[in-house]
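# Observations on the three-dimensional arrangement
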2 protein chains.
Amino acid sequence: MPAQPSAPGSRPTLEAVAARAGVSRATASRVVNGGEGVRAHVVDKVRVAIRELGYVPNQAARTLVTRRTGAVAVIIAEPEVRIFSDPFFSRQVRGISKELTAHDTQLVLLLVEDRGDYDRIERYLAGGHVDGALAFSLHTDDPLPAITRRIGMPTVYGGRPGWTGGPGEPGGVSYVDADNRGGAREAVRHLLERGRRRIAHIAGPLDQTSATDRLDGYRDVLRESDPALIAEGDFTSAGGARAMAELLERAPGLDAVFAANDLMATGALRVLRERGLGVPGDVSLVGFDDTEQVAEAADPPLTTVRQDIEGMGRLMAGLLLRTLARGRTATAGGAPPESVITPTTLVRRASS
Amino acid sequence: MPAQPSAPGSRPTLEAVAARAGVSRATASRVVNGGEGVRAHVVDKVRVAIRELGYVPNQAARTLVTRRTGAVAVIIAEPEVRIFSDPFFSRQVRGISKELTAHDTQLVLLLVEDRGDYDRIERYLAGGHVDGALAFSLHTDDPLPAITRRIGMPTVYGGRPGWTGGPGEPGGVSYVDADNRGGAREAVRHLLERGRRRIAHIAGPLDQTSATDRLDGYRDVLRESDPALIAEGDFTSAGGARAMAELLERAPGLDAVFAANDLMATGALRVLRERGLGVPGDVSLVGFDDTEQVAEAADPPLTTVRQDIEGMGRLMAGLLLRTLARGRTATAGGAPPESVITPTTLVRRASS
């Protein structure tokens with residue numbers, strides 16, 4: 001490794017820039033971060049000082065040249081094997097990609113295989129290589145929110161973050177989500193209407209709000225539900241199969257299953273078939289998501305709760321781009337967080 | 001947009017840095033690009049001059065602080081819908097990701113939806129946000145090689161590039177490939193050994209060398225093959241189905257099909273079943289790739305040519321990291337390009 005240009009202590013500071021330009025530190029900072037609201041001749045003075053001193057802001061090369069990178073990071077907090085096997089992710093990325101492309105912004109996808117990757121991701125985000133971040137499929141103890149807050153990276157989340165309003169948390173964050181709870185209620189009501197009485201639920205991983213919100217919706221309708229009728233899965237087909245086997249063990253008389261996503265529903269379907277149980281004859285089955293590769297391709301095709309996954313991706317990207325255009329951050333500072341909850345629709349097919 | 005810090009003309013040049021440091025332009029350039037082969041006290045002099053003048057190299061913020069970004073771009077020259085539906089890509093990315101992670105290097109995935117995206121990708125690559133690039137699934141007229149050459153971005157290709165040795169091309173590029181031609185030969189010889197005589201081929205898109213090399217391997221063995229037995233697909237399942245229907249129309253007596261990848265083989269399988277043709281009873285079928293999600297999951301499971309997709313990903317990343325460690329570019333300059341051809345293996349299953 002070549003040595004750094006100078007010892008950290010000898011780097012010119014923002015204070016030195018401000019002093020040389022004869023302005024306040026706040027004004028110098030504003031110029032470094034884009035110059036909005038600063039008069040042109042003041043901007044020029046600060047830039048001259050930056051150049052003369054060779055000032056390099058700690059966090060971002062972009063701010064050095066007071067230019068945006070024109071790129072946005074997309075961070076999916078799931079191992080690559082999940083990202084490529086669940087069409088939810090490709091759809092969300094497609095929506096994001098369309099919106100970013102329409103605004104000539106480069107999508108930069110960062111993979112997170114495990115927690116150890118976050119140090120490196122923090123360095124990359126802090127390095128000024130992207131203007132903002134879109135993050136989805138976060139788990140409650142995910143380190144990403146703390147990272148984006150620490151480095152002041154404007155961020156919009158896909159899915160309501162689990163930490164909102166927690167102790168020591170800021171007022172809120174910007175996110176786009178589906179009406180998970182309302183959609184789950186509709187799924188369960190539909191099964192009741194079909195005459196089903198022992199309705200089980202295969203939940204997603206309960207460290208994600210999409211899973212807990214759907215479980216809450218199930219409980220809203222079935223207030224006295226037998227706990228034996230609820231099993232936790234992990235949003236994969238294999239996890240759905242395991243949960244289904246567990247449910248059949250604990251509650252063999254079940255006559256319906258609401259799975260918190262389509263992939264888990266296909267795993268459940270496989271187990272039901274192996275046990276000689278007909279769908280929907282013996283057991284009615286409803287999923288969540290509605291992707292053609294999974295819900296429509298299943299045999300029988302799945303009744304499911306449709307969420308507009310691609311549309312949510314576009315909304316996330318749009319929210320972030322508007323935040324960036326205003327020159328404020330979505331996660332901190334003066335800008336109030338914005339959130340959008342998109343509606344869900346029950347799509348009836350042969351499985352119920 | 002805030003104005004640039006100064007008019008382009010007034011920016012300090014590399015010549016000015018060299019003059020101030022009392023070194024040649026070549027030496028100053030070497031320091032800007034990492035300082036390899038330059039004595040420490042000379043490096044220090046140049047860095048002082050860089051700092052004093054506020055010199056900002058045109059192409060890369062990284063070179064300003066003579067620090068690598070610690071990130072590598074992965075560019076897959078296919079629309080997102082292909083990337084997420086063909087397990088080949090996730091496997092290749094997995095191999096790359098493992099190797100980069102082992103060297104604490106951030107993987108930055110850039111999606112290319114269409115040709116119009118390349119201007120933006122060039123800006124991003126030229127912006128100094130990554131140290132090098134890994135590109136795969138290129139087509140013969142892909143603009144990417146010209147871009148990486150123009151901006152001097154060290155690049156390793158997945159798959160032998162079709163333009164090597166073309167007029168006006170540089171000596172060569174670094175790439176990792178499988179022995180596509182040898183693997184295809186083995187597939188066709190296997191079908192001959194099974195007693196098949198009317199062996200058809202579903203080729204991949206013929207603007208990719210992986211497709212033309214496999215077609216060449218088929219022709220190596222069947223020198224007198226009837227052109228009616230060859231149809232071009234596009235490496236997707238739907239394309240394989242279309243090609244199969246075309247082949248059955250033109251050559252109804254065919255008794256075997258070698259498809260240039262597994263996804264096309266599954267499409268062919270669907271069409272054969274629809275026509276009431278048994279596999280392997282009436283028609284033997286062999287694919288290429290060997291991914292468990294496709295080849296093993298098919299009914300019957302596919303005989304196929306296995307290539308070590310993940311291993312090729314690791315090799316690509318390793319080749320690039322070594323190139324970067326040497327501080328040279330893989331595409332131009334003094335470093336000779338390095339290429340690796342990995343062996344293939346025929347995996348016999350029920351479809352043949």
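Residues numbered from 1 in each chain as written. Chains lettered and ligands numbered in written order. Predicted model: local features only at pLDDT ≥ 70, side-chain atom pairs only at ≥ 80, totals over all residues. Heavy atoms only, no water.

### Notes on unusual backbone geometry
Note on backbone geometry: most residues besides glycine have negative phi, and most peptide bonds are trans. Note the threshold: Each helix is a run of H or I in the DSSP string that is no shorter than four residues. Each strand is a run of E no shorter than two, and both are numbered from the N terminus. Exposed residues in this analysis have more than 50% of their type's maximum accessible area, buried residues have under 20%, and partly exposed residues fall in between, with area computed by a 1.4 Å probe over protein chains only.
Cis geometry marks the peptide bond from A:Asp299 to A:Pro300; its omega dihedral reads 0°. Relative to the elements of secondary structure, A:Pro300 occurs in the loop between α13 (292-296) and β10 (303-307). Of note in the backbone geometry, A:Phe235 takes a positive phi value of approximately 70° without being a glycine. Here A:Phe235 shows up in the loop between β7 (230-232) and α11 (237-250). Look at A:Phe235 and you get buried, because its relative accessible area is 6%. Its identity as a non-glycine residue notwithstanding, B:Asp289 has a phi of 130°, on the positive side. Tracing the chain through its elements places B:Asp289 in strand β9 (residues 284-289). Given a relative accessible area of 4%, B:Asp289 falls into the buried group.

### Overview of the sheet that holds strand β1 (residues 71-76) of chain A
Worth spelling out the cut-off: The pairing criterion for strands is at least two bridges between them, as found by DSSP. Only the stretch in contact is used when fitting a helix axis, every axis being a line fitted to C-alpha atoms; angles between N-to-C directions are given from 0 to 180 degrees.
Judged by pairing direction, the sheet is mixed, and its 12 strands sit side by side in the order β11(A)-β5(A)-β4(A)-β3(A)-β1(A)-β2(A)-β2(B)-β1(B)-β3(B)-β4(B)-β5(B)-β11(B) without closing on themselves. Two strands bound the open sheet, and with one partner strand each, they are β11 (339-342) of chain A together with β11 (339-342) of chain B. Averaged over all adjacent pairs, the angle separating strand axes in this sheet is 20°, with direction ignored. Note that strand β3 (residues 132-136) of chain A and strand β4 (residues 155-158) of chain A share four bridges and pair parallel. Each bridged residue has a counterpart across the sheet, and for A:Leu134 the counterpart in β4(A) is A:Val156.

### With respect to the confidence of the model for chain A
Reading predicted coordinates in detail is not appropriate for stretches of low pLDDT. All names here are of chain A. For clarity, the cut-off: Known as pLDDT, the predictor's per-residue confidence is scaled from 0 to 100. What makes two residues a contact is simply this: any of their non-hydrogen atoms within 4.5 Å.
Per-residue confidence for chain A gives a mean pLDDT of 86, with 87% of residues at or over 70. A low-confidence stretch, residues 1-9 stays under pLDDT 50, and its non-local contacts, those more than four residues away or across chains, total 14 contacts. Low pLDDT, under 50, characterises residues 59-67; the stretch is placed with 33 contacts to residues that sit more than four places away or in other chains.

### Regarding the side chain of A:Glu80
Looking at the element boundaries, A:Glu80 is found in helix α5 (residues 80-85). Its relative accessible area of 3% is what places A:Glu80 among the buried residues. If near-sequence neighbours (up to four positions away) are discounted, A:Glu80 is found in contact with A:Leu111, A:Glu113, B:Ser90 and B:Arg94.

### Things to note about the pattern of salt bridges
Cut-off, in case you're wondering: Any carboxyl oxygen of Asp or Glu within 4 Å of a side-chain nitrogen of Lys or Arg constitutes a salt bridge here.
On inspection of all chains with the given rule, the structure shows 40 salt bridges over all chains. A:Asp216 is paired through a salt bridge with A:Arg181; the nearest N and O atoms lie 3.9 Å apart. Separated by 35 residues along the polypeptide, A:Asp216 in helix α10 (residues 209-221) and A:Arg181 in helix α9 (residues 180-193) bring together distant segments of the chain. The partner of B:Arg185 in a salt bridge is B:Asp220, and the shortest N-O contact between them spans 2.7 Å. Here B:Asp220 lies in helix α10 (residues 209-221) and B:Arg185 lies in helix α9 (residues 180-193), a separation of 35 residues in the sequence.

### What about the packing of aromatic side chains?
As a reminder, the rule being used: A pair of aromatic rings is counted whenever rings of Phe, Tyr or Trp (Trp by its six-membered ring) have centres within 6.5 Å, and the orientation is called stacked for planes under 30 degrees apart, edge-to-face for over 60 and tilted otherwise. Charge-over-ring contacts are defined here by two conditions on Lys NZ or Arg CZ: a distance within 6 Å of the ring centre and an angle within 35 degrees of the ring normal.
On inspection of all chains with the given rule, the structure shows seven aromatic pairs over all chains. Aromatic side chains A:Phe88 and A:Phe89 sit 5.6 Å apart centroid to centroid with 85° between the ring planes, which places their arrangement in the edge-to-face category. We note that A:Phe88, like A:Phe89, is buried. When the centroid spacing of 6.5 Å and the interplanar angle of 45° are considered together, the rings of B:Phe258 and B:Phe288 count as tilted. Residue B:Phe258 is located in strand β8 (residues 256-259), and its partner B:Phe288 is located in strand β9; the two are separated by 30 residues in the primary sequence. For the pair B:Phe258 and B:Phe288, one class covers both residues: buried. The rings of A:Phe88, A:Phe89 and A:Phe136 are connected pair by pair, giving a single aromatic cluster. One cation-aromatic arrangement involves A:Arg214 over A:Phe288; the distance from NZ or CZ to the ring centre is 3.8 Å.

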